[in-house]
Amino acid sequence: MVAEVRERQEGNLWEMVTQQLDHVAALMHLDPRLHEFLRHCKRTLEVSIPVKMDDGSLRVFTGWRVHHNLAKGPAKGGIRYSPTLTMDEVKALAMLMTWKCAVVDLPYGGAKGGVVCNPSELSDGELERLTRRFTSELILLLGPEKDIPAPDMGTDERVMAWMMDTFSMNVGYSVPGVVTGKPVNIGGSRGRKEAPGRSVAICVEEAAAKLGMRLEGAKVVIQGFGKVGSVVALLLHAIGCKIVAVSDVKGGIYNPQGLDPVRLTAHKRQTKTVSSYRDGDFVTNEELLQLPCDILVPAAVERVITERNADKVRAKLIVEAANGPITPEADAILRDKGVFIVPDILANAGGVIVSYFEWVQDISQFFWTEQEVNERLRQVMRRAFGEVWTIAHDRSVDMRTAAYILAVSRVAEAIRLRGIYP
Ligand code: GLU
């Protein structure tokens, strides 16, 4: 694990996403002025967060909120709590949010935030004080018309409830629309928690239909069995796929006959890991990526498929549930091997799509059923997948390039229409 963390830090995600933008800008003959505009984040706020620890000491944590581009609407994006977080990572993830919102055509700009901390080493009280002080430090940026955070790695609906409450206490009335991914009881949306996994599963179905791949009995490997990976496993299992391997930070479990995701979920709840599950063989996360399968879903962290292991990947279809799991070098190797890749900004957009539904419900104070949420999510995903597929087909490019062309052209057009101030 330490080696994995170190490797992630070595490669710079910001360089990777700007490289992707440069590649697409050249292909689309993007106006160089707009290209230059989009290579920069609009604003980055760095804050120090003093927290009274349970043992009486004081620790000062560092946090950021980054707005990449707001041409299409208020800032939207998650809050990440991670011990290895860097400002460059937050900036990169903010840029990815701009493209993600644009590819599925939401009226939002891209943002991301986070704090350098290990939430599993903090007590509930420490986590709450850290979250409330962080929210307070960001308060000038936040608001339903300005910037709407959501959960990301290391944060959950509890953290969102504290953020919403802190903002509301400061303004003096309840403002549910200031964050999404809240508990349903205080204005959260039904279906939000499962939404990123659900959109990944929809992409598997859409891609399989286009490729003529049978899903009944198709072998699926999922790296990561958290908020996203576990939902993908349950949904794909329900439509007849065979989940042959899953993993978490401690390692994975492989059974070519298929694993039962319902029992795996119960095992994970009890023991906090899937790696000790009896009904299969232990594999490392590195081995897991190289297992024979039809569909591979990286649902853990970024930059796990690199030039070092890409040629050993044996899947025919990869659907990126995590943000940035494949490096550009690995992407080229996989493309040459004929692997069909559904990119992160399309595949995991379900989270922000249902965040958008949550925001709409909060603003209108009119709440939808889970079925309505899921149906609308499917509609948005199908339309976006179809639009990306058509661009890929018409321009003879891969799905990632096509998704970027669609997203970048929408944002560039918004900037062009609005003009550059002053
Ligand atoms: N953190 C999620 C993402 O990366 C959700 C963002 C949101 O809902 O605003 O897409």
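As the structure is a computational prediction, the values presented were derived from the model and not from experiment. (Residues numbered from 1 in each chain as written. Predicted model: local features only at pLDDT ≥ 70, side-chain atom pairs only at ≥ 80, totals over all residues. Heavy atoms only, no water.)

Chemist: Is there a simple way to think about unusual backbone geometry in this case?
Modeler: Across residues other than glycine, the phi torsion is negative in most instances, and most of the peptide bonds are trans. Pro422 follows Tyr421 through a cis peptide bond whose omega is 5°. Structurally, Pro422 is set in the segment after α15 (399-418). A positive phi angle, near 55°, is found at His29, a position not held by glycine. Turning to its location among the elements, His29 is positioned in the loop between α2 (13-28) and α3 (32-38). (Helix = DSSP H or I, 4+ residues; strand = E, 2+ residues; numbered from the N terminus.)

Chemist: How should the pairing of strand β4 (residues 109-116) be read in this particular structure?
Modeler: The two faces of the sheet receive side chains in turn, since in a regular strand these alternate between them. For β4, the tally of buried residues reaches seven of eight residues, placing the bulk of the element in the interior. As paired strands, strand β3 (residues 75-82) and β4 are joined by six bridges and run parallel to one another. Bridge pairing in β4 links Lys76 to Gly110. Running through helix α4 (residues 87-103), the crossover from β3 to the neighbouring parallel element β4 is right-handed. (Buried < 20%, exposed > 50% of the residue type's maximum accessible area, 1.4 Å probe, protein only. Pairing = 2+ DSSP bridges. Right-handed = clockwise from strand over helix to strand, strands pointing away.)

Chemist: What should I look at first to understand the packing of helix α5 (residues 124-138) against helix α6 (residues 157-171) in this one?
Modeler: Axes are the key here: two packed helices are described by the angle between their axes and the distance separating the axes. With their axes 9 Å apart at the nearest point, α5 and α6 run at an angle of 45° to one another. Between α5 and α6, the angle is such that the two are oblique. Here α5 runs over α6; the crossing is right-handed. Contacts between α5 and α6 pair Asp124, Leu127, Glu128, Thr131, Arg132, Thr135 and Ser136 from the former with Arg158, Val159, Trp162, Met163, Asp165, Thr166, Phe167 and Asn170 from the latter. A breakdown of the residues in the contact of α5 with α6 according to their chemical character gives five nonpolar, five polar and five charged. (Axes fitted to C-alpha atoms, helices over the stretch in contact; angles between N-to-C directions. Parallel < 35°, antiparallel > 145°, perpendicular 65-115°, else oblique. Left-handed = near helix turned anticlockwise from the far one by under 90°. Contact = heavy atoms within 4.5 Å. Nonpolar A, V, L, I, M, F, W, Y, C, P; charged D, E, K, R; others polar.)

Chemist: Whenever I open this one, a positive patch on the surface confuses me. Can you help?
Modeler: A cluster of basic residues, Lys42, Arg43, Lys146 and Arg418, forms a positive patch on the protein surface. Tracing the chain through its elements places Arg418 in helix α15. When its relative accessible area of 61% is taken as the criterion, Arg418 is described as exposed. (Patch = residues over 30% accessible without salt bridge, like charges linked within 9 Å, V, L, I, M, F, W, Y side chains within 5 Å. Areas by Shrake-Rupley, 256 points an atom, 1.4 Å probe, with all protein chains shown as cover. Salt bridge = Lys/Arg side-chain N within 4 Å of Asp/Glu carboxyl O. Lys, Arg positive; Asp, Glu negative; His and termini not counted. Charge placed at Lys NZ, Arg CZ, Asp CG, Glu CD.)

Chemist: Explain the environment of Val262 here, please?
Modeler: By the secondary structure assignment, Val262 is in helix α9 (residues 261-271). Sequence-wise, Val262 and Ala71 are 191 residues apart; in three dimensions their C-alpha atoms are separated by 43 Å.

Chemist: Is there a simple way to think about α15 in this case?
Modeler: Residue pairs spaced three or four apart in an α-helix point in one direction, given the helix's 3.6 residues per turn. Between its terminal C-alpha atoms α15 stretches 29 Å, which fits the 28 Å expected from 20 residues at 1.5 Å a residue. Counting buried positions over the 20 residues of α15 gives 15, a clear majority of the element. The N-cap residue of α15 is Asp398: its side-chain oxygen and the backbone nitrogen of Arg400 are 3.2 Å apart. Trailing α15 by a residue or two, Gly419 shows a phi angle of about 85°, which is positive. (Expected span 1.5 Å × (residues − 1). Polar contact = N/O pair within 3.5 Å; in protein donor to acceptor, adjacent residues only side chain to side chain.)

Chemist: Sorry, what's going on with the sheet that holds strand β10 (residues 295-298) here?
Modeler: Hydrogen bonds between backbone atoms are what pair the strands of a sheet, whose relative direction is either parallel or antiparallel. Strands sit in the order β9-β8-β7-β6-β10-β11-β12 across an open sheet of seven strands; the sheet is mixed. In this open sheet, the two edge strands, each paired with only one partner strand, are β9 (281-283) and β12 (340-342). Between one strand axis and the next, the sheet turns by 20° as a mean value, whatever way the strands run. Two elements, strand β11 (residues 317-319) and β12, share three bridges in a ladder whose sense is parallel. When the sheet's bridge partners are listed, Val319 is paired in β12 with Val342. On the sheet, helix α7 (residues 195-211) packs against β10, β11 and β12 and is oriented at approximately 155° with respect to β11.

Chemist: I keep staring at the site of the ligand and nothing clicks. Help me out?
Modeler: Residues in contact with the ligand amount to 14 residues; listed here are only the nearest, Lys76, Lys100, Pro151, Asp152 and Ser355. Between the ligand and Lys76, the relevant distance is 2.8 Å, taken from an oxygen atom to a side-chain nitrogen or oxygen of the residue. Within the side chain of Lys100, an N or O atom sits 2.7 Å from an oxygen atom of the ligand. Isolated, the ligand exposes 290 Å² of accessible area, and the fraction of that covered by the protein chains is 93%. Elements represented by at least two residues in the shell around the ligand include exactly β3, α4, β5 (147-151) and α13 (350-364). Of the residues contributing to the shell around the ligand, the split by class is four nonpolar, five polar and five charged. (Near = heavy atom within 4 Å.)

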